[in-house]
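Residues per chain are reported as follows:
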Amino acid sequence: MRSPDPVDASAPSIGPGVPSGLIGPDDILRYDYDGLTAEFDRRFGKGEYHAGALFRSLYRRGASDPGALPEFSANPSLAQSVRGAFRYSLPEIAGRVGDETAYKFLLRLRDGYESESVVIPMRQYKSLCISSQVGCKMGCTFCETAQMGYLRSLDAGEIVAQVMVARHVLKEPIQNVVFMGMGEPMDNLDNVLQAIRILSDQRGLNIAQSAITLSTVGHVDGINKLAALAKNPPPHGFSRLRLAVSLNAPNDEIRSRIMPVNRQWKLADLKEALRGYPLAHKDDFLFMEYVLLAGVNDSREHAIEVAEYLRDLRACVNLIPYNPRLESPFGRPDKEGVAHFYRWLMEAGQYCRIRGTKGKDAMAACGQLGNRALKRTARPAAMAPAS
Ligand code: SF4
C-alpha cells in the first residue's frame, strides 16, 4: 500500500455550518474532473485551467473558495459566478459512536435521512467503510441494514461526502475505501462508479483503485456490467478495483434461506459471472466474504462444499465471525469454531483469512449498520437548503 497523502493541517476549517465559498444550488461533489471541466465550459466558457484548479484545491486541501485561488485572481467576476453556481456544503455529523477499534459516524442528508460510515484503523493505514444507499433492498436475514428496508440510493456527491468528512473534518487520513456499509452498490452502480472516479483521481483525493473494494451480495447483472468496465485500466476503466462477493453459504438451500438474492441468482449463475470477471494482475483475487453463523454454515461439510464451489476461481475467502444484529436469531461461533472452519477450508485447498471484527460493541461492525427508527418514521423533514 502506498504511503498516505498527509491531511493538510493548514487547510481552512470546513464542515457543517462553515461557509465554504460555494453557495449555489449544484453540489460540486458529484462532478468528476472531466465533468467539472465540461460544466465550466458550458456555463462560463472556461476550461480545465480554472476547473482543474478548483478540483485540486477542493479535494487536496478541502479549500473551495475560487476567489482565493491564484488562477481566478485576474477574473473576480468568474469566481463570483462559480460561487453562485456550485455548492460545497458537507452534511452535518448527526452522531459518532465507537471505540479504539472502529467508530462510525452518521451524516444527516439534505432530506433528513442519514448515511453511515465507519473508520477502521488497520495496522498501517486507516480504512473507511462507506454506504451506497440508505437502507437496502436485499433482505439478508442476518444484517441490521435489511431491517430498515430500502429508503433511497445515495447520489455520487453524497457518497464522496462521506470520505470528505472523514478526511477533512475528522482529520482521518483515509487510504482504503470499502463499499460495505449500508446498501448494495450494484443496485446503485452508476453513482458508485462516478464516486470511485472522483475518489481515485490523482489530481484530487488520489485513493488508488486498488485500495477501493466494491462489495456485492452477488448481484449478477451488476457483476456482468462491472466486468465489461473492468477490462480497461484507470482512469477510464476499473481494472484495478477490487471486487468482494458475499458468499456466506456452501449451497443454494442455505443461501436462499439467509440471502433472498439467491432465489433470483443461484450459486451456478453467480459462478458463471465470476468466471467472466477479469482480474488484471496475477496476484489479484476475487474476495469471497463468508459470515460464519453458528450452526448454520460452519460445519466441516460446509467448508468442503465451499472449497469445491470455488475450485476453479482465483478467490480468497474472508471469514467473518458473525456480528449479531439487534434481536438476531443467529449466533456467533466461538473462536475455536472459527479456527476449525479456517483449517478445514485450507485443508480442502481453499486460501482463506480470518477477518478481525472491529466495532461490534458499538454496532459499527460489518452487517450492523442501520437505523430502524428511520424506517418507522415517515419521510423525515428535509433540511433547510443551504443559503
Ligand atoms: S448484507 Fe449488504 S446486501 Fe445484504 S441486506 Fe445487508 S447491506 Fe444489504
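The notes below deal with the structure included here.

Cut-off values and rules
Residues numbered from 1 in each chain as written. Predicted model: local features only at pLDDT ≥ 70, side-chain atom pairs only at ≥ 80, totals over all residues. Heavy atoms only, no water. Phe/Tyr/Trp six-rings, centres within 6.5 Å; stacked < 30°, edge-to-face > 60°. Lys NZ or Arg CZ within 6 Å of the ring centre and 35° of its normal. Helix = DSSP H or I, 4+ residues; strand = E, 2+ residues; numbered from the N terminus. Buried < 20%, exposed > 50% of the residue type's maximum accessible area, 1.4 Å probe, protein only. Patch = residues over 30% accessible without salt bridge, like charges linked within 9 Å, V, L, I, M, F, W, Y side chains within 5 Å. Areas by Shrake-Rupley, 256 points an atom, 1.4 Å probe, with all protein chains shown as cover. Salt bridge = Lys/Arg side-chain N within 4 Å of Asp/Glu carboxyl O. Pairing = 2+ DSSP bridges. Expected span 1.5 Å × (residues − 1). Contact = heavy atoms within 4.5 Å. Axes fitted to C-alpha atoms, helices over the stretch in contact; angles between N-to-C directions. Arc of directions from axis to C-beta. Polar contact = N/O pair within 3.5 Å; in protein donor to acceptor, adjacent residues only side chain to side chain.

Looking now at the packing of aromatic side chains. Centre-to-centre distance and the angle between the planes together describe a pair of aromatic rings. Within the structure shown, the criterion is met by 11 aromatic pairs. Each member of the aromatic cluster is reached from another via a ring pair, and the members are Tyr31, Phe40, Phe44 and Phe86. In this arrangement the basic side chain of Lys137 is found over the ring face of Tyr150, its NZ or CZ atom lying 4.7 Å from the centre. Positioned above the aromatic ring of Tyr33, the side-chain terminus of Arg203 is 3.5 Å from the ring centre.

Attention now goes to unusual backbone geometry. A cis amide bond links Pro234 to the next residue, Pro235, at an omega of 10°. Inspection of the secondary structure assignment puts Pro235 in the loop between α7 (220-229) and β11 (242-246). Located in the positive-phi region is Glu327, a residue other than glycine, with phi close to 50°. Note that Glu327 resides in the loop between β13 (315-321) and α12 (335-347). Since its relative accessible area comes to 68%, Glu327 is described here as exposed.

With that settled, consider a nonpolar patch on the surface. A cluster of nonpolar side chains, namely Phe285, Tyr342, Met346, Tyr351 and Ile354, defines an oily patch on the protein surface of about 410 Å² accessible area. Its location among the elements puts Met346 in helix α12.

Another point: the pairing of strand β6 (residues 126-129). Across four bridges, the pairing between strand β5 (residues 114-121) and β6 is antiparallel. Looking at the pairing, Val119 lines up with Leu128 of β6. Hairpin remark: β5 followed by β6, antiparallel, with four residues in the connecting loop. In terms of strand pairing, β6 meets strand β9 (residues 174-179) through four bridges, oriented parallel. Paired with Leu128 across the strands is Val177, a residue of β9.

Along its 14 residues, helix α2 (residues 48-61) runs 19 Å from first to last C-alpha, staying within 8% of the 20 Å computed at 1.5 Å per residue. Taken together, the buried positions of α2 are His50, Ala51, Gly52, Ala53, Leu54, Phe55, Ser57, Leu58 and Tyr59. Against the buried residues of α2 lie α1 (33-44), α3 (76-85), α5 (156-169) and α6 (189-199). Just downstream of α2, Gly62 is the residue with a positive phi angle, here 70°.

Moving on, we come to the sheet that holds β6. Ordered by their spatial adjacency, 10 strands build an open sheet running β3-β4-β5-β6-β9-β10-β11-β12-β13-β14, and the pairing between neighbours is mixed. Only two strands of the sheet have a single partner each, and these edge strands are β3 (92-99) and β14 (352-354). Strand-to-strand twist of the sheet, defined as the mean angle between neighbouring strand axes without regard to direction, takes the value 25°. Sheet analysis places β11 next to strand β12 (residues 286-292), joined by three bridges and oriented parallel. Pairing of Ser246 across the sheet is with Glu289, part of β12. In the packing of α6 onto the sheet, contacts are made with β9 and β10 (212-216), and the angle to β10 comes to roughly 170°.

For the rest of this paragraph, the subject is the environment of Lys335. Tracing the sequence through the fold places Lys335 in helix α12. C-alpha of Lys335 to C-alpha of Pro321: the two residues are 14 residues apart in sequence and 8.5 Å apart in space.

To continue, consider α7. Think of an α-helix as 3.6 residues a turn; residues three or four steps apart then line up on the same face. All buried positions along α7 are accounted for by Val220, Gly222, Ile223, Leu226 and Ala227. Projected down its long axis, α7 shows its buried positions confined to an angular sector of 155°, all on one face. Contact partners of the buried residues in α7: α6, β10, β11 and α10 (267-275).

Looking now at the pattern of salt bridges. When charged atoms on two side chains of opposite charge get close, those side chains can pair. Counted under the stated rule, the structure contains 21 salt bridges. In this structure, Glu114 engages Arg108 in a salt bridge whose closest nitrogen and oxygen atoms are separated by 3.5 Å. In this structure, Asp111 engages Arg152 in a salt bridge whose closest nitrogen and oxygen atoms are separated by 2.6 Å. On the criterion of sequence distance, the pair formed by Asp111 in the loop between β4 (102-108) and β5 and Arg152 in strand β8 (residues 150-153) is long-range, its members being 41 residues apart. The same class applies to Asp111 and to Arg152, which are both buried. Where salt bridges share partners, they join Asp26, Arg30, Glu39, Arg42 and Arg43 into one cluster.

With that out of the way, let us pick up the side chain of Glu172. Inspection of the secondary structure assignment puts Glu172 in the loop between α5 and β9. Judged by its relative accessible area of 10%, Glu172 is buried. In terms of polar contacts, Glu172 uses its side chain to reach the side chain of Tyr103, at 2.7 Å.

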